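Below are the chains, spelled out letter by letter.
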Amino acid sequence: MNNILIITLLLQDVAMADGLRSSGKIYVVLIICLLILFSLFFYLYRLENKINSLKNK
Amino acid sequence: MKFIKFFCVVLLTYTLIAGFLFDVPRLPILNETIRALYFHVPMWFTMIFLLLLSSFNSYRYINTGKNYYDIKSYNYANVAVYFGVLGLLTGMIWAKFTWGTFWTNDPKLNGSAIGMLIYLGYFVLRRSLKDESKRGKISSVYNVFAFAMLIPLIFILPRMADSLHPGNGGNPGFNVYDMNSQLRIVFYPAVVGFILLGIWITDLRLKIDELKNKL
């Protein structure tokens, strides 16, 4: 019974963001998130440099 | 450390690109939110891994009595709880749009919340003791015990009860219905990437504490 329920659910047309992808807008989101990630890495890197320079004093 | 940073940057960049663009299973209700798996679940994996390191360092402190291990275990726990809070918040947002509510009295959710509170208790305990060796001993024993409490709260008790959360309610962790190979090729690198990020941040905190010790 459970399996039949799952199969009927899977056979339904599931709404996914196909339109978003075909119009290319998902890449905008990706670029924004990558910018956040890289700025975070850069921040950590700068912080580490600051700590290391303090350590060398 | 250089390798850790390098792989952290590479894996998390891959996680974001693949996580947004690769194909995912088409499931009702979940829709595109299935991609949150790549970001929500690694938060918890990172927390558990860092807490494991934390309790291991507490164990070493109890054995050796070297203050260095106590500081290490404190910093690991601190970063771990930060990831845990992120895990709770991301889970709440995900739950709002799939289960319809931010919070339900689900054993998995309550268990993880209690686990967080146990670790907040650890920080309060540390702050309340001024004497270094006393603080080290008491908080180390507490920390080892806290990890032993966390495992049943997050992994065992939710599996013995019915739960909305995937991977619970009598099922083993990630079975064929929860995860397929499409998800795995992004999910596992994501877990490793976030764990390495946690280690990186902890390393920075440890360097600051080292400097404080010298002053």
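Residues numbered from 1 in each chain as written. Chains lettered and ligands numbered in written order. Predicted model: local features only at pLDDT ≥ 70, side-chain atom pairs only at ≥ 80, totals over all residues.

A. Highlighting the interface of chain A and chain B. Every contact between the two is made by 19 residues of chain A and, on the other side, 18 residues of chain B. Broken down by class, the residue content of the side of chain A that touches chain B amounts to 16 nonpolar, 1 polar and 2 charged. (Contact = placed C-beta atoms within 7 Å. Nonpolar A, V, L, I, M, F, W, Y, C, P; charged D, E, K, R; others polar.)

B. Structural view of the packing of helix α3 (residues 25–56) of chain A against helix α6 (residues 181–214) of chain B. Interhelical geometry of α3 of chain A versus α6 of chain B gives an angle of 25 degrees and a closest axis separation of 10 Å. Classed by the angle they form, the pair α3 of chain A and α6 of chain B counts as roughly parallel. Crossing hand, α3 of chain A versus α6 of chain B: left-handed. Along its contact with α3 of chain A, which presents L44, L47, E48, I51, L54 and K55 of chain A, the element α6 of chain B presents W200, I201, L204, K207, I208 and L211 of chain B. Taken together, the residues of the contact of α3 of chain A with α6 of chain B sort by class into 9 nonpolar, no polar and 3 charged. (Axes fitted to C-alpha atoms, helices over the stretch in contact; angles between N-to-C directions. Helix = DSSP H or I, 4+ residues; strand = E, 2+ residues; numbered from the N terminus. Parallel < 35°, antiparallel > 145°, perpendicular 65-115°, else oblique. Left-handed = near helix turned anticlockwise from the far one by under 90°.)

C. How the structure looks around the environment of F123 of chain B. Residue and element names in this part refer to chain B. Along the polypeptide, F123 turns up in helix α4 (residues 107–128). Residue F123 is classed as partly exposed on the basis of its 14 C-beta neighbours within 10 Å. Expressed as a C-alpha distance, the spacing of F123 and F6, which sit 117 residues apart in the sequence, is 31 Å. (Buried ≥ 20, exposed ≤ 12 C-beta atoms within 10 Å, placed from the backbone.)

D. Examining the environment of V186 of chain B more closely. Its location among the elements puts V186 of chain B in helix α6. With near-sequence residues (within four places) excluded, V186 of chain B lies in contact with T15, A18, G19, F22 and Y38 of chain B.

E. The nonpolar core, seen in detail. Residues and elements named next belong to chain B. Ranked by size, the top nonpolar core spans 37 residues in total, and within it M47, L50, L51, A77 and A80 carry the most contacts. The biggest single contributor to this core is helix α2 (residues 37–64), with 11 residues. If sequence neighbours within four positions are ignored, M47 has contacts with A80, F83, G84 and G87. (Core = buried A, V, L, I, M, F, W, Y, C linked by C-beta atoms within 7 Å.)

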